[in-house]
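Notes for the structure review
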Amino acid sequence: MAIGLHDSDFKNPVIRWVDQRMPIFTMMQKEYGTFPTPRNFNYFWNFGALAMVNLMIMIATGIFLAMHYTPHTSYAFDSVERIMRDVNFGWLIRYVHMNGASMFFIVVFIHIWRGMYYGSYKAPRELLWMLGVVIFLLMMATAFMGYVLPWGQMSFWGATVITNLFSAFPFVGDWIVTLLWGGFSVDNPTLNRFFSLHYLLPFVIVGVVFLHVVALHITGSNNPLGVEPKGPQDTLPFHPYYTAKDSFGLVIYFIVFAGFVFFAPNFLGHPDNYIPADPLVTPAHIVPEWYFLPFYAILRAVPDKLGGVLLMFGSILVLFVLPWLDGSPVRSMRFRPVARIAFLLWTVCFFVLMYCGGMPAEEPYVTVSRIATAYYFGYFLVILPLLARLEKPLPLPESIARAVLGGGGPMPAGAAAKPMDKA
Amino acid sequence: MAEGAGASASDGTPRRDFLTLVTTAFVGVGVGAIAWPFIASMQPARDVLALSSTDVDIAPVAEGMAVTVMWRGKPVFVRNRTPAEVQEARTVPLSQLPDPATDQSRVQKDQWLIVVGICTHLGCVPLGQKPTDPRGEYGGWFCPCHGSHYDTSGRIRKGPAPRNLDVPQYAFTSDTKIKIG
């Protein structure tokens, strides 16, 4: 082997020639072939891969939609209708993009829920978790700006309300809002920059996803038991075991996705967005897209402009410090009887907020929103820190293999190589 | 051997190889099925196809004059040729033409020549529509980009262009109206 070349294991002369100079094949084999992965994943561990696929679908459909879309207040709405009626398969590409945004949030909400239930945010995966929160914030910004582009009534008034949130900040608020608008109201300059940023941010997401995956491949995956693998008996090679399991989950995901696209493409949308934007008429009942409803409910639960805005942003920013709020060394809620109930209640509160966010701002929804908001933050800021001290967790299994296989000590070395004989 | 656990060595077709091939085939079909609508979306849309013909009123075009009309985003030259120009186009022997074609094969009515105004070399618009334009050495059109000369039948006579100016599909809908496309 010449000096400076990578020592490649590949036999195919072409692959070997490339691999010696740029060992991407060795890297892929290490990170996605033989990568040791806990053997006890359940289907919740499909959702990272699903999110990755969803991101690629959004970028692909988005690039093709951008070939036909016109980011101008006079043409935007009509150009979207032209995509629906005149462009070959335009209806399909747009509905996939539109419902893909909803699917992305469904997948990511479950992915985040998985991380919270099984304690994936705890040491040593804090940075991995925080990068995930960054991706979530970028997704929300991208989805918001994407929703503005069709320039319907909900686009326009959603953009007006959300950008006005920043006016709540003292001293700099108005300056920020004018900066966002590029004028004195949501208008053509706003639409133009939102289109530009809506095109840019997905690629920023790709970059942070890359970092997310890098961090994941240093610490390795968490698992439903929350117990670190102790040796080869606790793991399986990623391929073919989890490539196959992810592929199965992907098929189910595609069935649900196709169900929306082909049978209920506007089920998750709002009919008012098929009315062209009119700066003179606000729709009677404006609501954001369903995935923003829990946070919108928190905003409306607070009877103070700045307080509501801070709490709304705080409801997501609190996730950044979650690894330090939850001091319990036990990761999986399976072994935390009290925290488990507290977390499931938090989940209920999340859905209650989602429901209230879609309702008019009147009783009883306001009071219910306030109680749910109090519990949302109480879980993070009071219950988790207290339980870390007070809760007595259930005994943890000695190892993954022991818990999975039941009885018996650690498996003999090399046991994982032929798992079929023992399953 | 456990059922399905590995190769059925007896018939020489390992089960896993079969599964891999089937999986790969389905992935291939799936990718193709997904790629199809994306590629199709880049083809002309319905509204573009709906605008693919142009009606022209040729009544105001006097003998010796020409008009340029837009058809599918391209200029089309409509020229009312003088008898001398028609005569000139019809007397030249085909053997002198780089892209041999009779004048009769390029027109429907003797005086009216209708050609796409795009030089067949690299796509510039030749000069010669206005009376003040240079019309090249053969009295038709002259492309200033790379010096192609077209005659009064729009045929290439000199210069780098490989073909005569294209004749679009058109029909006379009345004595004074044509429909291009």
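Shown above is the structure to which this text applies.
Residues numbered from 1 in each chain as written. Chains lettered and ligands numbered in written order. Predicted model: local features only at pLDDT ≥ 70, side-chain atom pairs only at ≥ 80, totals over all residues. Heavy atoms only, no water.

Re the packing of helix 8 (residues 173-181) of chain A against helix 9 (residues 188-219) of chain A
Residues and elements named next belong to chain A. Between helix 8 and helix 9, the least distance of the axes is 7 Å, while the angle of their chain directions is 75°. Put simply, helix 8 runs roughly perpendicular to helix 9. Across the interface between the two elements, Leu-179, Leu-180 and Trp-181 of helix 8 pack against Pro-189, Thr-190, Arg-193 and Phe-194 of helix 9. Within the contact of helix 8 with helix 9, the residues separate by chemical class into 5 nonpolar, 1 polar and 1 charged. (Axes fitted to C-alpha atoms, helices over the stretch in contact; angles between N-to-C directions. Helix = DSSP H or I, 4+ residues; strand = E, 2+ residues; numbered from the N terminus. Parallel < 35°, antiparallel > 145°, perpendicular 65-115°, else oblique. Contact = heavy atoms within 4.5 Å. Nonpolar A, V, L, I, M, F, W, Y, C, P; charged D, E, K, R; others polar.)

Let's talk about unusual backbone geometry
Residue and element names in this part refer to chain A. The linkage connecting Ala-123 with the following residue, Pro-124, adopts the cis geometry, with an omega of 5°. Counting through the fold element by element, Pro-124 comes out in the loop between helix 5 (90-117) and helix 6 (126-148). Omega for the bond connecting Glu-363 with Pro-364 falls within 30 degrees of zero, at 5°, which places this linkage in the cis form. On the secondary structure map, Pro-364 appears in the loop between helix 14 (337-357) and helix 15 (365-390). The phi torsion at Phe-171 lies on the positive side, around 65°, for a residue other than glycine. Following the sequence through the fold, Phe-171 ends up in the loop between helix 7 (153-165) and helix 8.

Some words on the interface of chain A and chain B
Each partner contributes to the interface: chain A provides 13 residues, whereas chain B provides 12 residues. Taken together, the two surfaces of chain A and chain B that pack against each other cover about 1,200 Å², and 66% of this comes from carbon and sulfur. The residue Arg-82 of chain A makes a salt bridge to Asp-47 of chain B at a minimum N-O spacing of 2.4 Å. For the side of chain A that touches chain B, the secondary structure elements donating two or more residues are helix 3 (47-66), helix 4 (76-85) and helix 5 of chain A. Looking at the side of chain A that touches chain B element by element, the count peaks at 3 residues for helix 3 of chain A. Classifying every residue of the side of chain A that touches chain B by side-chain character gives 7 nonpolar, 3 polar and 3 charged. (Buried area = accessible area lost by both parts, 1.4 Å probe. Salt bridge = Lys/Arg side-chain N within 4 Å of Asp/Glu carboxyl O.)

A few points about the pairing of strand 3 (residues 74-80) of chain B
Residues and elements named next belong to chain B. Counting buried positions along strand 3 yields 6 of 7 residues, so the element is predominantly enclosed. In the sheet, strand 2 (residues 66-71) pairs with strand 3 via 6 bridges, with the strands oriented antiparallel. Its bridge partner lying in strand 3, Ala-66 is registered against Arg-79. Count of turn residues in the strand 2/strand 3 antiparallel hairpin: 2 residues, of which Arg-72 carries a positive phi of about 50°. Pairing geometry for strand 3 and strand 4 (residues 112-116), over 5 bridges, is antiparallel. (Buried < 20%, exposed > 50% of the residue type's maximum accessible area, 1.4 Å probe, protein only. Pairing = 2+ DSSP bridges.)

Description of empty space enclosed by the protein
The full count for this structure, using the stated rule, is 1 cavity of 30 Å³ or more. Of the pockets and cavities examined, the largest cavity occupies roughly 50 Å³. Broken down by class, the residue content of the lining of the largest cavity amounts to 7 nonpolar, 1 polar and 1 charged. (1 Å grid on protein atoms, 1.4 Å probe; cavity = no way out; pocket = protein on both sides within 12 Å on 5 of 7 lines; lining within 4 Å. Points joined across faces, edges and corners; volume = space filled by probe spheres on them.)

Examining the layout of surface pockets
A probe as big as a water molecule, rolled over the atoms, marks out the empty space that is left. Residues and elements named next belong to chain A. The space that makes up the second largest pocket amounts to roughly 860 Å³. In terms of lining, the second largest pocket is formed by 41 residues, of which the most central are His-97, Met-98, Gly-146, Tyr-147 and His-198. Only helix 3, helix 4, helix 5, helix 6 and helix 9 provide two or more residues apiece to the lining of the second largest pocket. Looking at which element gives the most residues to the lining of the second largest pocket, the answer is helix 5, with 8 residues. Of the residues that constitute the lining of the second largest pocket, the class distribution is 28 nonpolar, 11 polar and 2 charged.

Quick look at the state of the cysteines
For the coordinates displayed, the defined rule picks out 1 disulfide over all chains. Lacking any disulfide linkage, Cys-119 of chain B is separated from the closest cysteine sulfur, that of Cys-143 of chain B, by 3.8 Å. (Disulfide = S-S within 2.5 Å.)

Considering the side chain of Ser-153 of chain B
Residue and element names in this part refer to chain B. Here Ser-153 shows up in the loop between strand 6 (148-151) and strand 7 (156-158). Relative accessible area serves as the criterion here: at 0%, Ser-153 is assigned to the buried category. Those residues in contact with Ser-153 that lie beyond four places of it in its chain are Arg-81, Ala-89, Asp-103, Arg-106 and Leu-113.

A short note on helix 4 of chain A
Within an α-helix, residues lying three or four positions from one another point in the same direction, as the helix has 3.6 residues per turn. Residue and element names in this part refer to chain A. Burial analysis of helix 4 places 7 of its 10 residues in the buried class, the great majority of the element. Every buried residue belonging to helix 4 is among Ala-76, Phe-77, Ser-79, Val-80, Glu-81, Ile-83 and Met-84, and all of these are buried. Its buried side turned inward, helix 4 meets helix 3, helix 5 and helix 9.

A look at a nonpolar patch on the surface
A cluster of nonpolar side chains, namely Tyr-43, Phe-248, Val-251, Ile-252, Ile-255 and Val-256 of chain A, defines an oily patch on the protein surface of about 570 Å² accessible area. Relative to the helices and strands, Tyr-43 of chain A resides in the loop between strand 1 (36-38) and helix 3. (Patch = residues over 30% accessible without salt bridge, like charges linked within 9 Å, V, L, I, M, F, W, Y side chains within 5 Å. Areas by Shrake-Rupley, 256 points an atom, 1.4 Å probe, with all protein chains shown as cover.)

Overview of the pattern of salt bridges
Applying the stated criterion across every chain, the model contains 20 salt bridges over all chains. Residue Arg-336 of chain A pairs with Asp-326 of chain A through a salt bridge whose shortest N-O separation is 3.2 Å. Linking Arg-336 of chain A in the loop between helix 13 (322-325) and helix 14 with Asp-326 of chain A in the loop between helix 13 and helix 14, this pair joins segments that are 10 residues apart in sequence. Both residues of the pair, Arg-336 of chain A and Asp-326 of chain A, count as buried. In this structure, Glu-137 of chain B and Lys-158 of chain B form a salt bridge, with 2.7 Å as the shortest nitrogen-oxygen distance. Placement of the pair is Glu-137 of chain B in the loop between strand 4 and strand 5 (139-143) and Lys-158 of chain B in strand 7, with a sequence separation of 21 residues. Through salt bridges with shared partners, a single ionic network connects Lys-122, Asp-326, Arg-336 and Glu-391 of chain A.

Concerning the packing of aromatic side chains
All names here are of chain A. Counting across every chain of the model gives 51 aromatic pairs over all chains. Geometrically, the ring pair formed by Phe-109 and Phe-350 is edge-to-face, given 5.3 Å between the ring centres and 70° between the ring planes. Pair noted here: Phe-109 is in helix 5 and Phe-350 is in helix 14, with a separation of 241 residues, a long-range link. Taking relative accessible area as the criterion, Phe-109 reaches 14% and is therefore assigned buried. (Phe/Tyr/Trp six-rings, centres within 6.5 Å; stacked < 30°, edge-to-face > 60°.)

So, the nonpolar core
In this structure, Tyr-379 and Phe-380 of chain A are the most contacted members of the largest nonpolar core, which totals 109 residues. Apart from residues no more than four positions distant in its own chain, Tyr-379 of chain A is found in contact with Met-116, Met-333, Ala-342, Phe-343, Trp-346, Leu-384 and Pro-385 of chain A. Of all hydrophobic cores here, the second largest spans 14 residues; its members include Val-56, Val-61, Trp-112 and Val-116 of chain B. (Core = buried A, V, L, I, M, F, W, Y, C linked by side-chain atoms within 4.5 Å.)

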